[in-house]
Amino acid sequence: SQTIHQWPATLVQPVGSPLSLECTVEGTSNPNLYWYRQAAGRGLQLLFYSVGIGQISSEVPQNLSASRPQDRQFILSSKKLLLSDSGFYLCAWSIKGGVYEQYFGPGTRLTVT
Amino acid sequence: AQKVTQAQTEISVVEKEDVTLDCVYETRDTTYYLFWYKQPPSGELVFLIRRNSFDEQNEISGRYSWNFQKSTSSFNFTITASQVVDSAVYFCALSRTSGTYKYIFGTGTRLKVLA
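Each value, and the rule that gives it
- Along each chain, residues carry numbers from 1 onward, in the same order as the chain's sequence is written.
- A letter from A marks each chain and a number from 1 marks each ligand, given out in the order of writing.
- For this predicted model, a pLDDT threshold of at least 70 governs which residues receive local features, and a threshold of 80 or more governs which side-chain atom pairs are given and counted, while totals over whole chains, interfaces and linings are taken from all residues.
- Only hydrogens and water are removed before side-chain values are computed, so all heavy atoms of the structure are retained for them.
- To qualify as a nonpolar core, a set must consist of buried Ala, Val, Leu, Ile, Met, Phe, Trp, Tyr and Cys residues joined through side-chain atoms within 4.5 Å.
- Buried residues are those whose accessible area, probed at 1.4 Å on protein chains only, stays under 20% of the maximum for their type, while exposed residues exceed 50% and partly exposed ones sit between those limits.
- Counting from the N terminus, the helices are the DSSP runs of H or I reaching at least four residues and the strands are the DSSP runs of E reaching at least two.
- In what follows, residue pairs with any heavy atoms lying within 4.5 Å of each other are defined as contacts.
- Here, a salt bridge means any side-chain nitrogen of Lys or Arg that lies within 4 Å of a carboxyl oxygen of Asp or Glu.
- Note on residue categories: nonpolar means Ala, Val, Leu, Ile, Met, Phe, Trp, Tyr, Cys or Pro, charged means Asp, Glu, Lys or Arg, and polar means any other residue, Gly included.
- Both cavities and pockets are sets of points on a 1 Å grid over the protein atoms alone; in a cavity a 1.4 Å probe fits but cannot get out, in a pocket the set is open with protein on both sides within 12 Å along at least five of seven lines, and lining residues sit with an atom within 4 Å of a point.
- Grid points are joined across faces, edges and corners, and a volume is the space filled by probe spheres set on the points.

Some thoughts on the nonpolar core
Step number 1: Among the nonpolar cores identified, the biggest contains 24 residues, and Trp36(B), Trp66(B), Phe77(B), Tyr90(B) and Leu111(B) are the most heavily contacted of them.
Step number 2: Elements supplying a minimum of two residues to this core: strand S2 (10-14), strand S3 (19-21), strand S5 (32-39), strand S6 (46-52), strand S8 (64-69), strand S9 (74-79), strand S10 (88-96) and strand S12 (109-114) of chain B.
Step number 3: Sorting elements by how many residues they give to this core places S10(B) first, with 4 residues.
Step number 4: Residues within four places of Phe77(B) in sequence aside, it is in contact with Val19(B), Thr20(B), Leu21(B), Trp36(B), Leu48(B), Tyr64(B), Ser65(B), Trp66(B) and Tyr90(B).
Step number 5: The next biggest cluster of nonpolar side chains, apart from the first, holds 20 residues, and it includes Leu19(A), Leu21(A), Cys23(A) and Trp35(A).

Notes on the interface of chain B and chain A
Step number 1: Each side of the interface is counted separately: chain B has 21 residues, and chain A has 20 residues.
Step number 2: Linking chain B with chain A are 2 salt bridges.
Step number 3: Of the charged contacts in the structure, one is a salt bridge between Lys102(B) and Glu59(A), with a shortest N-O distance of 2.4 Å.
Step number 4: Residue contributions to the side of chain B that touches chain A peak at 4 residues, all from S5(B).
Step number 5: Broken down by class, the residue content of the side of chain B that touches chain A amounts to 9 nonpolar, 8 polar and 4 charged.

Comments concerning the layout of surface pockets
Step number 1: Here the largest pocket defines a volume of roughly 500 Å³.
Step number 2: Of all the secondary-structure elements, those providing two or more residues to the lining of the largest pocket are strand S9 (87-94) of chain A together with S10 and S12 of chain B.
Step number 3: Per-element tally for the lining of the largest pocket: the top contributor is S12(B), with 4 residues.
Step number 4: Here the residues of the lining of the largest pocket sort into 9 nonpolar, 11 polar and 5 charged.
Step number 5: Looking at the second largest pocket, its volume works out to about 200 Å³.
Step number 6: The wall of the second largest pocket is formed by Arg37(A), Gln38(A), Ala39(A), Arg42(A), Gly43(A), Leu44(A), Gln45(A), Ser84(A), Ser86(A), Phe105(B), Gly106(B) and Thr107(B).
Step number 7: Of all the elements in the fold, those that place two or more residues in the lining of the second largest pocket are strand S4 (32-38) and strand S5 (44-52) of chain A.
Step number 8: Each residue belonging to the lining of the second largest pocket can be placed in one class, and the counts come to 3 nonpolar, 7 polar and 2 charged.

Structural measurements only, silent on function.
In structure tokens form, the structure reads like this:
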């Protein structure tokens, strides 16, 4: 069966510090991968999606970036965090070839102080 | 443009009551997909259902049922005999059938089931 991991689970970082969140998927190959952010009490906002290694599409201009160095690894980064980057970050995957359900990881709760 | 509206921000019911969560969507596409997800307090989104716009049949899965009405652009979700474990935020989402397949999420409905 497929499993998606995210770490860390929680993170408290000062403004201006760098960020690296990691997501890995097990049990499937060549998935589509997604990064979402959920602000407190709000819906989900798609940040990035990837259809393959090195292929990243950005949905929202911001100071975040994403990379996919391996087929089942998706990394969300920032060089300098802003207060507005606080939120709940969710990674998800789906199979290719059509519109299929996305399966979400446990999330990372980021607080920028 | 595509849009999903979940007008009910929060609903509270007493255990064993039935509850319906509303989802209204907007799209110019003739084919699309609709989804429902559950987000329990732990935070992880749990997939509940995917529905193709061509399939307007209602679906039942245990205590869960979904009513898809293309004429009113609605995809409502009903929980029968609610339980405390149903307490969560529920999201409705819309996806195109081509391109990036990204979801457009509604803002969610928080359901509180009281014992």
